[in-house]
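A look at the structure
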Amino acid sequence: MPRKLIKRYLPDHEKLRSHRHLRVFGTLLHDPNLWYLNRRSAAGAFAVGLFVAFVPLPLQMLIAGALAILLRVNLPVSVALVWVTNPVTMPPIFYSAYRLGVWVLGGVEHKASFAISTEWLSTELQIIWKPFLLGCFLMGSISALVGYFVIRVIWRLNLVRHYQRRKQTRTLRRNAKAGNEVRE
């Protein structure tokens, strides 16, 4: 089942509760729903984590943690999923978000020469902020919805497969037992 796979990679919740950066949340971290892994909490955590991954702000993990606590979904999964956008994947993802925003708004893509400076960044953001933020919102919303429903479907399919295997095992045992009784 997906629960075993996901639990294998999750850190211990006691260790996370005592983490110095998570002390901000205080006793809110004692809610067992934040640590329990079921279909609802995993799907919700995927939605939260994937949505926040597309938020172009620092401290995404803190935002994901706050939303997970507010929505009472699995905290470690939602916080881990913000790493979909990491220093390697961030440039192509955010450029795609900008292009999506330009396409939705029907504007023209702004061509800029790249320079590493805060002045360049503030100048360019003043020009591209509307399509960029719209694209980030759309990509975050779409990925959250897709992630939510994909996890629900995968969880359901695994559950059905598990019950079918149990039923098949019971049938085999019953048939084997009936075969032994007939021989005697």
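Residues numbered from 1 in each chain as written. Predicted model: local features only at pLDDT ≥ 70, side-chain atom pairs only at ≥ 80, totals over all residues. Heavy atoms only, no water.

**Overview of a nonpolar patch on the surface**
For clarity, the cut-off: Patches here are clusters of residues that have more than 30% relative accessible area and form no salt bridge, with a 9 Å joining cutoff for like charges and a 5 Å cutoff for nonpolar side chains (Val, Leu, Ile, Met, Phe, Trp, Tyr). What sets the accessible areas is the Shrake-Rupley method with a 1.4 Å probe; for residues, cover comes only from the shown protein chains. Here, a salt bridge means any Lys or Arg side-chain nitrogen found within 4 Å of an Asp or Glu carboxyl oxygen. Note on classification: 1.4 Å probe, protein chains only; a residue is buried when its accessible area is under 20% of the maximum for its type, exposed when over 50%, partly exposed between these limits.
A contiguous nonpolar surface patch, about 330 Å² in accessible area, is contributed by Ile 142, Val 146, Val 150 and Ile 154. Note on Val 150: relative accessible area 40%, which makes it partly exposed.

**Considerations on the nonpolar core**
Heads up, the rule is: Residues belong to one nonpolar core when they are buried, are Ala, Val, Leu, Ile, Met, Phe, Trp, Tyr or Cys, and are joined through side-chain atoms within 4.5 Å. Every helix listed is a DSSP run of H or I at least four residues long, and every strand listed is a run of E at least two residues long, numbered separately from the N terminus. Whether two residues are in contact is decided by their heavy atoms: any pair within 4.5 Å suffices.
Core analysis: the biggest nonpolar cluster contains 23 residues, and Leu 29, Leu 34, Phe 46, Ile 69, Leu 75 and Val 77 have the highest contact counts within it. With seven residues, helix H3 (residues 39-53) is the largest single contributor of residues to this core. Discounting chain neighbours no more than four positions away, the residues touching Leu 75 are Leu 29, Leu 34, Trp 35, Gly 65, Ala 68 and Ile 69. One finds Ala 53, Ile 93, Tyr 98 and Phe 132 within the second-largest nonpolar core, a separate group that totals 10 residues.

**A few points about the side chain of Ser 143**
For the record, the criterion: Any pair of N or O atoms that falls within 3.5 Å is considered a polar contact. Within protein, one atom must be able to donate a hydrogen and the other to accept it, and sequence-neighbouring residues count only if both atoms are side-chain atoms.
With respect to the helices and strands, Ser 143 occurs in helix H7 (residues 118-183). A polar contact of 3.1 Å, which involves the side chain of Ser 143, links it to the backbone oxygen of Gly 140. For Ser 143, the contacting residues outside a window of four places in its chain are Leu 50 and Phe 54.

**Topic: the confidence of the model for the protein chain**
Put simply, the rule is: pLDDT is a residue-level measure of predictor confidence that goes from 0 to 100.
Per-residue pLDDT for the protein chain has a mean of 83; in total, 83% of the residues score no lower than 70. Of all secondary-structure elements in the protein chain, the lowest mean pLDDT belongs to helix H1 (residues 2-9), at 65, while H3 reaches the highest, 93.

**What about H3?**
Heads up, the rule is: Each residue after the first adds 1.5 Å to the expected span of a helix.
Compared with the 21 Å implied by 1.5 Å per residue over 15 residues, the 21 Å span of H3 between its first and last C-alpha is a close match. Across the 15 residues of H3, 12 count as buried, placing the element largely inside the fold. Looking only at H3, the buried set comprises Ser 41, Ala 42, Ala 43, Gly 44, Ala 45, Phe 46, Ala 47, Val 48, Gly 49, Leu 50, Val 52 and Ala 53. Backbone nitrogen of Arg 40 and a side-chain oxygen of the N-cap are separated by 3.2 Å at the start of H3; the cap is Asn 38.

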